[in-house]
Amino acid sequence: MNTRALERGASSSSGWLAGQVAVITGAASGIGRAVAERYLEEGALGVVCVDADRGGLDELAREHGSRVEPVIGDVRDHAVHERAVERALASYGGLDVLVGNAGLFDFRRPLRGYTASALAATMDELFAVNLRGYLYAAMAAREALEAAGGCMIFTASVASFHAGGGGVLYTMGKHAVVGLVRQLALELAPRVRVNGVGPGGTLTGLRGTQTLGHGDRQIDADPRAFDERVSAAVPLAFAQRPRDHAGLYVLLASRDNARAVTGEIFMSDGGVAARSI
Ligand code: NAD
């Protein structure tokens, strides 16, 4: 065990996550990156950051040195998650938190916008990233989290409970995240808590599927139009930024502050459910 590993769980650092170790998928940008940075501010010993975007991970590692372990790879590949967990154990001596977050968007394509073959191919790609990626992460992390009495947190969405936040495939997939959270919360209790955070429209570079030719299309392409659309749609009247959600990931990861919370999705969407019409 190296010297950093010896510090795991130590209370010498302050913050809600003092001495904790996390694996975060989709950490190179957007919400995942904001969570990684906030975890470090809250005293996390180290974060293993998984993403296909080498440039974003290199930047994070440059900024935070040895407290960030980049793992470059595709979340559709189980071996990538195994590598991430191995890194957590080898570099920091254990694993306390898994954040499943890497995802793609369908840019609200309605059912009538698909041929049967395009639907099948897009469904395969979107679900492989947004759902299989989460399950593979959970499979790879389960044992280490059980050993630590840790937790899992998955990024859900306003589209986990409402229509219109995505097209039919994105909305189906994000609804499925609710099932994933509830079932795993039951299966992994009492050792591991499993919860979700449900962001609303957030200004990030969230991309679409290769299958629909949206691999380079990003939802923040026109930030002003995005701000206006989301502000008009939600009671709190602003489009969220990645950092607006990070505190909920801290709260859910905190052993002291969320000890009795499992199987829940905490919404962070500007109050969509408060609007009746
Ligand atoms: P983002 O694009 O900034 O972050 C997603 C990250 O996932 C990127 O760094 C990307 O490189 C990575 N990624 C995508 N596919 C991958 C793959 N196959 N393998 C490895 N890495 C991959 O977008 P974001 O908005 O921060 O998205 C994070 C999560 O938040 C997603 O699950 C998304 O569905 C969810 N979400 C976003 C919004 C929003 O409005 N932005 C709202 C609700 C939920």
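Look up: the structure comes first, before these words.
Residues numbered from 1 in each chain as written. Predicted model: local features only at pLDDT ≥ 70, side-chain atom pairs only at ≥ 80, totals over all residues. Heavy atoms only, no water.

Some points on the packing of aromatic side chains
Working definition: an aromatic ring pair is given by the centre-to-centre distance plus the angle between the planes.
Here's step 1: Under the definition given, this model contains 3 aromatic pairs.
Here's step 2: Between Phe-105 and Tyr-170, the ring centres sit 4.7 Å apart and the planes meet at 85°, which makes this aromatic pair edge-to-face. Here Phe-105, found in the loop between strand E4 (97-100) and helix H5 (116-148), pairs with Tyr-170, found in helix H6 (residues 168-188); they are 65 residues apart in sequence, far enough to count as distant.
Here's step 3: When the centroid spacing of 5.2 Å and the interplanar angle of 35° are considered together, the rings of Tyr-134 and Phe-154 count as tilted. With a gap of 20 residues between them, Tyr-134 in helix H5 and Phe-154 in strand E5 (residues 151-155) connect regions that are remote in the sequence.
Here's step 4: A residue is classified by how much of its surface remains accessible, and Tyr-134, at 1% relative accessible area, is buried.
Here's step 5: Through a chain of ring-to-ring contacts, the aromatic side chains of Phe-105, Phe-107 and Tyr-170 assemble into a single cluster.
Here's step 6: The ring of Tyr-114 has Arg-109 sitting right over it, with the charged end atom 5.8 Å from the ring centre. (Phe/Tyr/Trp six-rings, centres within 6.5 Å; stacked < 30°, edge-to-face > 60°. Helix = DSSP H or I, 4+ residues; strand = E, 2+ residues; numbered from the N terminus. Buried < 20%, exposed > 50% of the residue type's maximum accessible area, 1.4 Å probe, protein only. Lys NZ or Arg CZ within 6 Å of the ring centre and 35° of its normal.)

Some remarks on empty space enclosed by the protein
Here's step 1: Tallied over the full model, the rule gives 1 cavity of 30 Å³ or more.
Here's step 2: In this structure, the largest cavity spans a volume of roughly 30 Å³.
Here's step 3: Around the largest cavity, the lining residues are Val-23, Thr-25, His-81, Ala-84, Val-85, Leu-98, Ala-137 and Ala-141.
Here's step 4: Mapped onto the lining of the largest cavity, the elements with two or more residues apiece are strand E1 (21-25), helix H4 (78-92) and H5. (1 Å grid on protein atoms, 1.4 Å probe; cavity = no way out; pocket = protein on both sides within 12 Å on 5 of 7 lines; lining within 4 Å. Points joined across faces, edges and corners; volume = space filled by probe spheres on them.)

A short note on the site of the ligand
Here's step 1: Neighbouring the ligand are 31 residues, the closest being Ile-31, Asp-51, Asn-101, Tyr-170 and Thr-204.
Here's step 2: Here an oxygen atom of the ligand and a backbone polar atom of Asn-101 are 2.8 Å apart.
Here's step 3: Compared with its free state, where it exposes 820 Å², the ligand has 92% of that area covered by protein.
Here's step 4: Those elements giving two or more residues to the shell around the ligand turn out to be helix H2 (30-41), H5 and H6.
Here's step 5: Across the shell around the ligand, the residue classes tally to 13 nonpolar, 13 polar and 5 charged. (Near = heavy atom within 4 Å. Polar contact = N/O pair within 3.5 Å; in protein donor to acceptor, adjacent residues only side chain to side chain. Areas by Shrake-Rupley, 256 points an atom, 1.4 Å probe, with all protein chains shown as cover. Nonpolar A, V, L, I, M, F, W, Y, C, P; charged D, E, K, R; others polar.)

What to know about helix H8 (residues 242-253)
Here's step 1: Taking 1.5 Å per residue, 12 residues should reach 16 Å; H8 reaches 17 Å between its end C-alpha atoms and fits that length.
Here's step 2: Burial in H8 covers these residues: Pro-242, His-245, Ala-246, Tyr-249, Val-250, Leu-252 and Ala-253. Down the axis of H8, the buried side of the element spans an arc of 165°, and every buried residue falls inside it.
Here's step 3: The secondary structure elements touched by the buried residues of H8 are H2, E4, E5, strand E6 (193-199) and strand E7 (265-268). (Expected span 1.5 Å × (residues − 1). Arc of directions from axis to C-beta. Contact = heavy atoms within 4.5 Å.)

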